Amino acid sequence: MVGLSVGEKHFIQGGIAQDLRTDGRRRLTYRPFNVETGVIPQANGSARVRLGGTDVIASVKAELGKPSPSQPDKGKGRGGEELSTELSGALQHCLLGGKSGAVGDMEVLTNVLGAGIDLSSLVVVEGKVCWDLYIDGLVVSSDGNLLDALGAAIKAALTNTGIPKVEVAVGASGDGLPEVDISDDEYLQFDTSGVPVIVTLTKVAQYHVGRHYIVDATLEEESQMSSAVSVSVSGQGRICGLIKRGGAGLDPSVILDMISVAKHKPLKKSHDYLGTPDITQPSSIQNSSWMQYLLYTNKLTELLE
Amino acid sequence: MRGFQLSLNQTQKLRLQRALEQLESLSSKSNSNASVAVADTIPVNYEDGVLKGHGTLDLDGEVVATLCGVVERVNKLVYIRTLRARYKPETGDIIVGRVTEIAPKRWRLDINFSQDAVLMLSSMNLPDGIQRRRTAVDELNMRSIFEENDIVCAEVRGFQHDGSLHLQARSQKYGKLERGQVLTISPYLVKRRKQHLHYLEEFGVDLILGCNGFIWVGEHVEAKGILIEDQTDKAEQLNTKSSSSTFMSLEEQERTYTSLETRQNICRIANAVRVLANLGFSVTVEVIKETVNLSSSLNLDIHEMLGSEFYVLVAEGEATRKSMFTKKKG
């Protein structure tokens, strides 16, 4: 990442103050984004999200495993990403809601999936066999705003996931693992309306106290960021997680502002796009100009194969 | 240039395809300047005695390409020019570079070349404007002229014997560039013309098409005049510099921002350059102006210029323009 001269930084900050960023967007406008599902045929579910120059792929693989002893009637999930520690921690907090103490990549998404998906549907034989979901994220190219893209990719991948139907062989098993027959044809799908979508608001502050924050920062704007708040919002408009990055302080009124903006962002409308099999269903429109922008820029190539 | 992905629906794809095909058929040198891939034979008139240049190989008496690119012929020399090539400097080119390092008596600039270019302290006008010998004090104050990461416009003076590139910025039109943005495109999209520094009056914007692929779009700055004006300017500069380094109130800083109208023009021009670069068209002032006028005539929001519909429109516009041009010629 090349540095920026003082003149360029001044220009970027001036643009944000005047609501006209370097590529002509307003402060709260997203770049045109594009979601494709089913990009990895070998995985149970996958999605690729392109948000301007940022390109991320998320994949979901399901394998049979043993349920955790504390929750014998639920399946498990594990996540892994190749991200810097700071971003990976932020991703967990956003999806998880701050419940995780460890910054490790494993075991984190279980709680999130519990919130978003009915994990009991993942169980095969209670206490003995369940489905383990492995969710991986890969950043192909980064042009800022990785968290939002990854959140959208994970949600789309989960929507696209098909868990094969399993038939359990009847017979005494005792302590051993029962025989299971994995069908090749029939698949179960999740209802992912509860899985949250992440909205990141970046504050590019100067020495003075400004109240301006932007959505969907590019790499140059992110290099100037003083602080960023990432909010994960579920389809019902509820806040699932919140994290603040960056060293500068934020006034509480600014944070409340950011949260209310995050709840009404157009990316939230993508809950309907990313979560339903039929994209022609109109969703309730809160702000008609956002919807027009959404229809103009968001092109879903294939949602469910 | 970052790779971009356009999501086009079927009709848009067809229209874009048709426009690009039309452009290809119109390009006059479609026979001898064929694009080749690796291991393609290059059609050459063997009796003339051919000089094999970069990217070619003599294989079984045939001239075969070793790179993917376009065949260029200069008299007897045949070579392959790749499309994503690094910038190839020539003396007299105007370039835009970014300072990476301050070395004794020189600045090193990154200009998208295989090595950093060098701008000597002696090739740069001193702030007080007097022509004199550079002293040790001048050397210590180099940072007050250009700092690291500053954007500089300069001219290629020539190559040194060790292959490094030397620049000069003696004229008033060269120097530090502030109040604007830099765009990076492929160097071959900027053709060498008579003039690279443009002032677009109707927009109030300076446009510098660096031959190295760095394009500067910024607020118009009057070239500084003579000694007296230099001094008053310097005093102003010192004031703004010291005040920006301490806490500046909101109003003061807002006063120093570019005006909204100029900013809109800058962003529109920058987006036009981005669209043209992503489509692979040569970037010249005329094409940029046409693209900007097209977008304003359609009343597009500035950020919508980066949407797929505008890309297709620009490609179609370019195809019609080229066809009209060839009709006029022929």
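What counts as what
Throughout this document, residue positions are counted from 1 along each chain, in the order its sequence is written. All chains are assigned letters beginning with A, and all ligands numbers beginning with 1, in the order in which they are written. Whole-chain, interface and lining totals are the exception, using all residues; otherwise, since this is a predicted model, local features are given only for residues with pLDDT of at least 70 and side-chain atom pairs are given and counted only at 80 or more. Based on all heavy atoms of the structure, the side-chain values leave hydrogens and waters out of the count. UniProt positions are given in the numbering used here, feature names are shortened, and annotations may be inferred rather than shown by experiment. Secondary structure elements follow DSSP: runs of H or I no shorter than four residues count as helices, runs of E no shorter than two count as strands, and numbering proceeds from the N terminus. Accessibility here uses a 1.4 Å probe with only protein chains present; expressed as a share of the type maximum, an area under 20% marks a residue as buried, one over 50% as exposed, and anything in between as partly exposed. By definition, residues are in contact when any of their heavy atoms lie within 4.5 Å. Two rings belonging to Phe, Tyr or Trp (six-membered ring only in the last case) form a pair when the distance between their centres is within 6.5 Å. Interplanar angles under 30 degrees mark stacking, angles over 60 mark edge-to-face geometry, and anything in between is tilted. Distance and angle both matter: a charge sits over a ring if NZ of Lys or CZ of Arg is within 6 Å of the ring centre and within 35 degrees of the ring normal. Being paired, for any two strands, means DSSP has found at least two bridges between them. Angles shown run from 0 to 180 degrees and are taken between the N-to-C directions of axes, each axis being a line fitted to C-alpha atoms and, for helices, limited to the stretch in contact.

The name given to chain B in an unreviewed UniProt entry is Exosome complex component RRP4-like, with Vitis vinifera as the source organism.

An unreviewed UniProt entry annotates chain A as Ribosomal RNA-processing protein 42 of Vitis vinifera. Per UniProt, chain A has the following entry under Sequence similarities (unreviewed entry): "Belongs to the RNase PH family."

Draft legend 1. The arrangement of the overall build of chain A in detail. For chain A, the helix and strand inventory stands at 8 helices and 13 strands. Counting the 305 residues in chain A, one finds 54% classified as buried. Partitioning the contacts of chain A with sequence separation of at least 6, the portion at a separation of at least 24 is 67%.

Draft legend 2. Spotlight on the packing of aromatic side chains. One pass over the full model with this rule turns up 1 aromatic pair over all chains. Taken together, a centroid distance of 5.0 Å and an interplanar angle of 65° make the contact between Trp107 of chain B and Phe146 of chain B edge-to-face. Separated by 39 residues along the polypeptide, Trp107 of chain B in strand E8 (residues 106-110) and Phe146 of chain B in the loop between helix H3 (142-145) and strand E10 (151-159) bring together distant segments of the chain. A relative accessible area of 2% places Phe146 of chain B in the buried class. In this structure, Arg263 of chain B is placed above the aromatic ring of Phe11 of chain A, and the distance from its NZ or CZ to the ring centre is 4.5 Å.

Draft legend 3. Representation of the sheet that holds strand E15 (residues 205-209) of chain B. Residue and element names in this part refer to chain B. Overall, antiparallel pairing links the 4 strands, which are arranged E13-E16-E15-E14 in an open sheet. Every interior strand has two partners, whereas the edge strands, strand E13 (180-184) and strand E14 (197-200), have only one. The average undirected angle you get between the axes of adjacent strands in this sheet is 15°. Inspection of the sheet shows E15 paired to strand E16 (residues 214-219) by 5 bridges, in the antiparallel sense.

Draft legend 4. Representation of the pairing of E10 of chain B within the structure. All names here are of chain B. Relative to E10, strand E7 (residues 94-103) is paired through 5 bridges, and the arrangement is antiparallel. Bridging from a neighbouring strand, Ile95 pairs with Ala154 of E10. Two elements, E10 and strand E12 (residues 175-177), share 3 bridges in a ladder whose sense is antiparallel. For Cys153, the partnering residue across the bridge sits in E12 and is Gly175.

Draft legend 5. Quick peek at the pairing of strand E9 (residues 117-124) of chain B. All names here are of chain B. When you tally the buried positions in E9, you get 7 out of 8 residues, the bulk of the element. As defined by bridge partners, E8 adjoins E9 across 4 bridges and the pair is classed as antiparallel. Bridge pairing in E9 places Arg108 opposite Val118. The antiparallel hairpin formed by E8 and E9 contains 6 residues in its connecting segment, where Asn112 sits at a positive phi of about 65°. With 3 bridges connecting them, E9 and strand E11 (residues 165-169) associate as parallel partners. The residue of E11 that forms the bridge with Met124 is Ala169.

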